[in-house]
Amino acid sequence: MADIRNFVGFAQNETLIKEYDGLRMYYPVKAKIGLAATNKRFIAYSTVRGFFDGRTESLYQQVNITDIRGIGVVQSRRYRPAAIALGILLLLAGVLVAFVGLTGGKMLFEAGGIACIIAGIILLLAGFLWRKNLFRFEIWGNAWVLSLGEFETIRPAIIAGPDLLKVVEELGALIIEIQDGTL
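Thresholds, definitions, all that
Residues numbered from 1 in each chain as written. Predicted model: local features only at pLDDT ≥ 70, side-chain atom pairs only at ≥ 80, totals over all residues. Heavy atoms only, no water. Helix = DSSP H or I, 4+ residues; strand = E, 2+ residues; numbered from the N terminus. Expected span 1.5 Å × (residues − 1). Buried < 20%, exposed > 50% of the residue type's maximum accessible area, 1.4 Å probe, protein only. Phe/Tyr/Trp six-rings, centres within 6.5 Å; stacked < 30°, edge-to-face > 60°. Salt bridge = Lys/Arg side-chain N within 4 Å of Asp/Glu carboxyl O. Contact = heavy atoms within 4.5 Å.

Novice: Would you mind showing me how to read helix α2 (residues 107–129) here?
Specialist: Owing to its 3.6 residues per turn, the α-helix brings residues three or four apart onto one side. In a regular helix each residue adds 1.5 Å, so 23 residues correspond to 33 Å; α2 covers 33 Å between its end C-alpha atoms and thus fits that length. Taken together, the buried positions of α2 are occupied by Gly 113, Gly 120, Leu 124 and Gly 127.

Novice: Looking at this structure, I do not really get the packing of aromatic side chains. What am I missing?
Specialist: Aromatic ring pairs: the centre-centre distance and the angle between the two ring planes describe each pair. Scanning all chains against the criterion turns up one aromatic pair. Seen in terms of ring centroids, Tyr 79 and Phe 128 are 5.5 Å apart; in terms of plane orientation they differ by 75 degrees. Their pairing is edge-to-face. Taken as a pair, Tyr 79 in the loop between β5 (70–78) and α1 (81–104) and Phe 128 in helix α2 lie far apart in primary sequence, 49 residues in all. With relative accessibility at 41%, the residue Tyr 79 sits in the partly exposed group. Of the residues examined, Phe 128 reaches a relative accessible area of 39% and is grouped as partly exposed.

Novice: What exactly am I supposed to notice about the pattern of salt bridges here?
Specialist: For the structure shown, the criterion picks out two salt bridges. As a salt-bridge pair, Glu 14 and Arg 41 come within 2.7 Å of each other at their nearest N and O atoms. Of this pair, Glu 14 sits in the segment before β1 (16–27) while Arg 41 sits in strand β3 (residues 41–49); the two residues are 27 residues apart in sequence, bridging distant segments of the chain. A residue is classified by how much of its surface remains accessible, and Glu 14, at 8% relative accessible area, is buried. The shortest N-O distance in the salt bridge between Glu 170 and Lys 18 comes to 3.8 Å. In this pair, Glu 170 sits in helix α3 (residues 164–180) while Lys 18 sits in strand β1, placing the two residues 152 residues apart along the sequence. Relative accessible area serves as the criterion here: at 27%, Glu 170 is assigned to the partly exposed category.

Novice: I'm lost on the environment of Gly 113 in this one. Help?
Specialist: Inspection of the secondary structure puts Gly 113 in helix α2. The buried category is assigned to Gly 113, whose relative accessible area is 0%. Counting along the chain gives 19 residues from Gly 113 to Gly 94, while the straight-line C-alpha distance between them is 4.0 Å. If sequence neighbours within four positions are ignored, Gly 113 has contacts with Gly 94, Val 97 and Ala 98.

Next up, the structure:
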C-alpha cells in the first residue's frame, strides 16, 4: 500500500498517527483501500493506475476527527429474496399444473408441472444457499453518515482486507484518544 503522504497533502500542524490496509475493492476497479488517522482528520484513500491506458483512478474520502461520533463495520451474508420468491412461485405453479395433468390424464401437463417443481426447488435452494455478501464501513457524525465507497450510479464490491480486524480493535479507541488530545 502506498504511503498516504505520497499523494495527500497535510496541513501545517497535521501529523500521521496510524495507517491501515483495511479494505479491498474488486468492482468497478481492483484496488487496495487504505485508512489513515491523523491528528486532524480520518482519510480513506486508494489509487489505481490502469495497465493499458496509464490513467490513475483514485478514491479519497475524509472527515474531521472532531466530527466523528462512531464507526461501524458490518460484514454479513444475505439471502437472495428474489430467487426464493420465484422458487416458491414456480413450485406452486408446478404443483397446480401437475395436478391438472394428473386429473385430466394429459402427460404434457404432468411433465411441465414436474419440470416447474424441480426448477422451483432449485431456485429455493439457490436463494438460501447462494447468499450475497454484504459489507459496509461507516463513520457516523452528528448529522451525517459517511459510507465508504458510496458512488452516484454504481455499487462497488468492497470486502475486508488484511488489517480489518486490527482496524476494528484499535480505531475507536484511537479516535477517542485523538479527540481528547491524549495521543
